[in-house]
Amino acid sequence: MVRLTPRIVAIFLIEKTSSGSNFVFQWPPQPQVHFQDSHKSSEDVSIAMDILKIEDDDSQEFNGAADENHVLGYEKGFLANMLSPRPELCNQKFEMWVDGLTFLGCPVHVGPSGEWVKRKNPSKNVDDSSLIDPSGLKEDSTNSASANTPESKPNQYKSTSSMSLFHVVFVLNIPTASIYRPTINTLYESIVVKLVTGLKYEQAKRNYVENECKNIRKMTERYSNKKTPFDDFCQEIPVHSNLASILVTTYEALIHLHTAYLEINQSINITLLWPMTVSVSSLDKLELQERSPTILASQTIFNEEEPSLIEPFVAPYWSLLLLQDLESIMKRLPLSRNSLLASFITEARPTSTFTDIANSLGISLSECFLLAKHLIHWRKAIAIPPLLIRNTYVTSPTADLSKLKSDAGLFKRTFPSLPSLPTFLAILSFKPRPFGSIIPSKDHESTYMEMLAWLCRRNWVYEQNSYIYVCVTPQIKKKVKGDIESQSSEDQDSQLLEQLRHDDGRESLIIDPHSASLLEQKWIQAIAFEKSTELASLFLSVVKYFNGRYALQTIWIAEGLPRKSMRNVLNEYQHYLIRWFSW
């Protein structure tokens, strides 16, 4: 599975005024590009210029470090012109590929009537109380009050500025064609649109972007006159410019795959996050070698990328594992500690099911799931089967041993009364057994379960699950073949006979009983009725899960069966079942 990363090289800020296009700001000061096969293509540039219908005033290239007039080997004035498209190409996705680099953005152009945003119907009230804001954009109530008053003027969004366009450009280096389109779409939808929406709104209300651009250009001119080194004044500008600081924060968050918490003009709060799974159900060879930081868990639910078919059945019985300590999450919470979300985070434990949490808080399961999905979306938690002392937990093959020393120190500070982290990992690596067998006494149970959650959160251990395949023996095949051949020619199915002719009669596995062939269905029926009618009925109700993808604990919960009934099926049909263990 290929994991998408932003592949970002730099962020540019471009504006266009009555005097022309300006390259206002860049981050980082010295963008680094590593091409697999790098060469400049004047043909690519000329085609792009022709499409955008911009004049090539001075398109000379500069091969060297970035300075006041050059970046990425291009003259900044040329880039400003190239990245200032005509009005009909604005207010939509802008994507240009030149010399192995992709320039992605959403240029915003003032409307023909002088307005930056379309006015909304004042009679419609927007509900700001929703927990999850799809745009990630929320306005500070202290600054938005005037916008909702009766005195608000109809032309409050009309522009009085000389700026006609601004463009935040994300420069990307995507080396592989197979991930190009997914990377572009993800960055545009998750980052570009949300950021530009906030900037456009604030520009419309307070001329924010134009004022910031003026401020940055003045600072640049002042530092240039003082002959301040380029890298030094680039570092200084974000200290004095809110917009420059926002672009720096966004870039650093994308580089390090962190969450960007942005405050635009002390008015609008935006949270930007590059979508990325925190758990995986399978690994390829490369990921195993690279020690992927993701948690190994195949039975998670509420996964946005890989929805689970049995999620509606098991969700009430699953739990939430917070991926950070409680205090760290609460510090980032933009809500009161008395809010429902704060109470939910405090109550959520990986040993408690969603049903337990909902009952404790006095809320419905649907509300509980909504809160959980919010935390999962922002990579603060994952939904897993509850941690139980009867389950088996083993050391993860993707555990990063380079972090053992630092994590051992943190483990000792967190659990001072317990043996060391290496000791526990050695115990769990030796022979798989129920976790409760290593707990000294009942008094230690709560501490050991907290320790187990800590180990799971930091990808040191995973839960070992049992998976089942159906094995068809030669005896069953011989019996079914005899039954089919004993039927009259009128009752025989031609497709079934064809499948029978191609079978060699040797032992084989049924990979997916749910989509079994006609012959495989006959084998399953024959296996089922080797036992009593009651057991056969139970076997046939669960055999569709015996495809190596559903853990045993998931099966009996999804089917609403007592655990004892599931054990009876496994014991009685053990001759026809192959069990294997994994995460």
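Residues numbered from 1 in each chain as written. Predicted model: local features only at pLDDT ≥ 70, side-chain atom pairs only at ≥ 80, totals over all residues. Heavy atoms only, no water.

Peer 1: Got a sec to walk through the packing of aromatic side chains? Specific residues and values, please.
Peer 2: Throughout the structure, instances matching the rule amount to 17 aromatic pairs. Summarising the aromatic geometry, the rings of Phe-424 and Tyr-448 are spaced 5.5 Å apart at their centres and angled 80° between planes, so their arrangement reads as edge-to-face. With Phe-424 in helix α15 (residues 421–430) and Tyr-448 in helix α16 (residues 445–457), this residue pair connects regions lying 24 residues apart in the sequence. In this structure Tyr-448 comes out as buried when scored by relative accessible area, which is 5%. Across from the ring centre of Tyr-188, 5.2 Å away, lies the NZ or CZ of Lys-93, which sits over that ring. The ring of Tyr-223 has Arg-222 sitting right over it, with the charged end atom 5.9 Å from the ring centre. (Phe/Tyr/Trp six-rings, centres within 6.5 Å; stacked < 30°, edge-to-face > 60°. Helix = DSSP H or I, 4+ residues; strand = E, 2+ residues; numbered from the N terminus. Buried < 20%, exposed > 50% of the residue type's maximum accessible area, 1.4 Å probe, protein only. Lys NZ or Arg CZ within 6 Å of the ring centre and 35° of its normal.)

Peer 1: So what's going on with a nonpolar patch on the surface? Residues and values would help.
Peer 2: A cluster of nonpolar side chains, contributed by Leu-509, Ile-511 and Ile-578, occupies part of the molecular surface with about 240 Å² of accessible area. Among the secondary structure elements, Leu-509 is positioned in strand β18 (residues 508–510). (Patch = residues over 30% accessible without salt bridge, like charges linked within 9 Å, V, L, I, M, F, W, Y side chains within 5 Å. Areas by Shrake-Rupley, 256 points an atom, 1.4 Å probe, with all protein chains shown as cover. Salt bridge = Lys/Arg side-chain N within 4 Å of Asp/Glu carboxyl O.)

Peer 1: Talk me through the pattern of salt bridges; I want residue IDs and the actual numbers.
Peer 2: The full count for this structure, using the stated rule, is 14 salt bridges. Of the charged contacts, one joins Arg-349 and Glu-347 as a salt bridge, the two residues approaching to 3.9 Å between their closest N and O atoms. Of the residues examined, Arg-349 reaches a relative accessible area of 41% and is grouped as partly exposed. Take Glu-347: its relative accessible area is 24%, and that puts it in the partly exposed class.

Peer 1: Residue-level account of the environment of Asp-231, with values.
Peer 2: Tracing the backbone through its elements, the reader meets Asp-231 in helix α6 (residues 230–240). For Asp-231, a relative accessible area of 32% translates into the label partly exposed. Among all residues touching Asp-231, those that are not within four sequence positions of it are Pro-29 and Gln-30. (Contact = heavy atoms within 4.5 Å.)

Peer 1: I'd like to hear about the nonpolar core, residue by residue, with values.
Peer 2: The tendency in soluble globular proteins is for nonpolar side chains to be buried side by side. One finds Phe-12, Phe-25, Phe-103 and Phe-170 to be the most contacted residues of the largest nonpolar core, which totals 75 residues. In terms of residues, this core owes the most to one element, helix α4 (residues 177–206), which gives 11 residues. In this structure, Phe-25 is in contact with Ile-11, Phe-12, Leu-13, Ile-216, Cys-234, Ile-237, Pro-238, Ala-244, Leu-247 and Val-248, ignoring residues within four places of it in sequence. Grouped together as the second largest cluster of nonpolar side chains are 61 residues, Leu-519, Ile-524, Ala-536 and Leu-570 included. (Core = buried A, V, L, I, M, F, W, Y, C linked by side-chain atoms within 4.5 Å.)

Peer 1: Give me the lowdown on the side chain of Thr-17, citing residues and values where you can.
Peer 2: Positionally, Thr-17 belongs in strand β1 (residues 8–17). Relative accessible area serves as the criterion here: at 12%, Thr-17 is assigned to the buried category. Within the local environment of Thr-17, its side chain forms a polar contact with the side chain of Ser-19, the two groups lying 2.9 Å apart. Look past the residues within four positions of Thr-17 in its chain and what remains in contact with it is Asn-22, Ser-162, Met-163 and Ser-164. (Polar contact = N/O pair within 3.5 Å; in protein donor to acceptor, adjacent residues only side chain to side chain.)

Peer 1: Please set out α16 residue by residue, giving values where relevant.
Peer 2: An ideal rise of 1.5 Å per residue puts 18 Å on 13 residues; α16 measures up with 18 Å between its terminal C-alpha atoms. Turning to α16, its buried residues are Tyr-448, Met-449, Met-451, Leu-452, Ala-453, Trp-454, Leu-455 and Cys-456. Looking one or two residues beyond α16, the residue adopting positive phi is Asn-459, at roughly 60°. (Expected span 1.5 Å × (residues − 1).)

Peer 1: Outline the packing of helix α11 (residues 340–347) against helix α13 (residues 365–377), supporting the account with residue identities and numerical values.
Peer 2: Look at α11 against α13: their axes get within 11 Å of each other, and the N-to-C directions meet at 80°. Viewed along their axes, α11 and α13 adopt a mutual orientation that is roughly perpendicular. Residues Leu-340, Leu-341, Phe-344 and Ile-345 of α11 lie in contact with α13, whose contacting residues are Cys-368, Leu-371, Ala-372, His-374 and Leu-375. Split by residue class, the contact of α11 with α13 holds 8 nonpolar, 1 polar and no charged. (Axes fitted to C-alpha atoms, helices over the stretch in contact; angles between N-to-C directions. Parallel < 35°, antiparallel > 145°, perpendicular 65-115°, else oblique. Nonpolar A, V, L, I, M, F, W, Y, C, P; charged D, E, K, R; others polar.)

Peer 1: How would you explain the confidence of the model for the chain if you had to name every residue and give the values?
Peer 2: Considering every residue of the chain, the mean pLDDT works out to 81; 79% of them sit at 70 or more. Predicted confidence for residues 37–42 stays below pLDDT 50, and this span has 7 contacts to residues more than four positions away or in other chains. (pLDDT = per-residue confidence, 0-100.)

Peer 1: Tell me about helix α22 (residues 563–572), residues and numbers included.
Peer 2: Given 3.6 residues per helical turn, the α-helix brings residues three or four places apart onto the same face. Among the residues of α22, those classed as buried are Ser-565, Met-566, Val-569 and Leu-570. For α22, the buried positions fall inside an angular range of 135° around the axis, keeping them on one side. Where α22 is buried, its residues contact β17 (461–472), α20 (533–542), α21 (552–558) and β19 (577–582). (Arc of directions from axis to C-beta.)

Peer 1: Can you tell me about unusual backbone geometry, naming the residues and giving the values?
Peer 2: In this structure, Pro-28 follows Trp-27 across a cis peptide bond, with omega equal to 0°. On the secondary structure map, Pro-28 appears in the loop between β2 (20–27) and α1 (42–52). Positive phi, close to 55°, is recorded for Asp-99, a residue that is not glycine. Taking relative accessible area as the criterion, Asp-99 reaches 6% and is therefore assigned buried. Although it is not a glycine, Asn-265 adopts a positive phi angle of roughly 55°. On the basis of relative accessibility, which here comes to 30%, the residue Asn-265 falls in the partly exposed class.

Peer 1: Hey, could you go over the side chain of Ser-21 for me, with residue numbers and the actual values?
Peer 2: Here Ser-21 is to be found in strand β2. At 3.1 Å, the side chain of Ser-21 forms a polar contact with the side chain of Ser-84. Ignoring anything within four residues of it in the chain, the contact list for Ser-21 reads Glu-15, Lys-16, Ala-80, Asn-81 and Ser-84.

Peer 1: Any chance you could break down a positive patch on the surface for me, citing the residues and the numbers?
Peer 2: On the surface, Arg-390, Arg-563, Lys-564 and Arg-567 cluster together to form a positively charged patch. Mapping Lys-564 onto the fold places it in helix α22. (Lys, Arg positive; Asp, Glu negative; His and termini not counted. Charge placed at Lys NZ, Arg CZ, Asp CG, Glu CD.)

Peer 1: I'd love a proper account of the packing of helix α5 (residues 208–225) against helix α7 (residues 242–256), names of residues and values included.
Peer 2: Between α5 and α7, the shortest axis-to-axis distance is 8 Å and the interhelical angle comes to 95°. The orientation of α5 relative to α7 falls into the category roughly perpendicular. Contacts between α5 and α7 involve Tyr-208, Val-209, Glu-212 and Ile-216 on the former and, on the latter, Asn-242, Leu-243, Ala-244 and Ile-246. Residues that form the contact of α5 with α7 fall into these classes: 6 nonpolar, 1 polar and 1 charged.

Peer 1: Explain the environment of Leu-273 to me, and be specific about the residues and the numbers.
Peer 2: Inspection of the secondary structure assignment puts Leu-273 in the loop between β11 (268–272) and β12 (279–280). With residues near it in sequence (within four places) discarded, Leu-273 still touches Ser-190, Ile-191, His-258, Thr-259, His-377, Trp-378 and Arg-379.

Peer 1: Requested: an account of the state of the cysteines, with residues and values cited.
Peer 2: All chains considered together, the criterion is met by 0 disulfides. The closest cysteine sulfur to the non-disulfide-bonded Cys-90 is located on Cys-106, 8.5 Å from its own sulfur. (Disulfide = S-S within 2.5 Å.)

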